[in-house]
Amino acid sequence: MTARIIDTTNVAPASCFHLMGTIHEFVFAESTARAFDFWMSTMTEIYKPLTAQSRVRMIIDTRRSGLLPMTYTMQHTRRWLRETPVHPPARVVLLHNNDRMVSLMSSFMQTLRLGHLTVKTFGRDERDAAVAWLLESF
């Protein structure tokens, strides 16, 4: 039996889609620092033209990957928040596989005390409800 090596260096760790012109959906393929870095890099580009009057709607879909590395995510999210000049009101959905760690991630986001950010978690089969919540006025 011959072992087969698969090169994954060119496989994207995550994808970003734009739904209905207003929702940024990030679908993670892996739970790695590389996936987080892809997300933050894309977020930086999304946030560049925004003003305080803008509205951000986002889905973070970790159903395939599982949650991102907690420590790395916490450290680098804080840095990104400091380096990003404008933080308009934002609604963020965390779409997950009914993972128990989601409450930890949600608690972390609460500790950031970001008045502009509202986060809500939805289980694996609740994507339609998540999109409906994001489309509500805020």
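Residues numbered from 1 in each chain as written. Predicted model: local features only at pLDDT ≥ 70, side-chain atom pairs only at ≥ 80, totals over all residues. Heavy atoms only, no water.

1. Quick word on the packing of aromatic side chains
Here the distance between the centres and the angle between the planes together describe a pair of aromatic rings.
Point 1. Counting across every chain of the model gives six aromatic pairs.
Point 2. Their ring planes at 65° and their centres at 6.3 Å tell us that phenylalanine 26 and tryptophan 39 sit as a pair that is edge-to-face. Taken together, the positions of phenylalanine 26 in strand β2 (residues 23–28) and tryptophan 39 in helix α1 (residues 33–47) put the pair 13 residues apart, joining distant regions of the chain.
Point 3. Residue classification places phenylalanine 26 among the buried residues on the basis of a relative accessible area of 0%.
Point 4. Here the aromatic rings of phenylalanine 36 and tyrosine 72 are separated by 5.6 Å at their centres, their planes lie at 90°, and the arrangement is edge-to-face. Here tyrosine 72 lies in helix α2 (residues 70–83) and phenylalanine 36 lies in helix α1, a separation of 36 residues in the sequence. (Phe/Tyr/Trp six-rings, centres within 6.5 Å; stacked < 30°, edge-to-face > 60°. Helix = DSSP H or I, 4+ residues; strand = E, 2+ residues; numbered from the N terminus. Buried < 20%, exposed > 50% of the residue type's maximum accessible area, 1.4 Å probe, protein only.)

2. What to know about the environment of valine 131
Point 1. With respect to the helices and strands, the residue valine 131 is situated in helix α4 (residues 127–135).
Point 2. Considering only alpha carbons, one finds valine 131 and leucine 19, 112 residues apart in sequence, at a separation of 9.2 Å.
Point 3. Each residue touching valine 131, except ones within four places of it in the same chain, is listed here: Met20, Ile23 and Ile59. (Contact = heavy atoms within 4.5 Å.)

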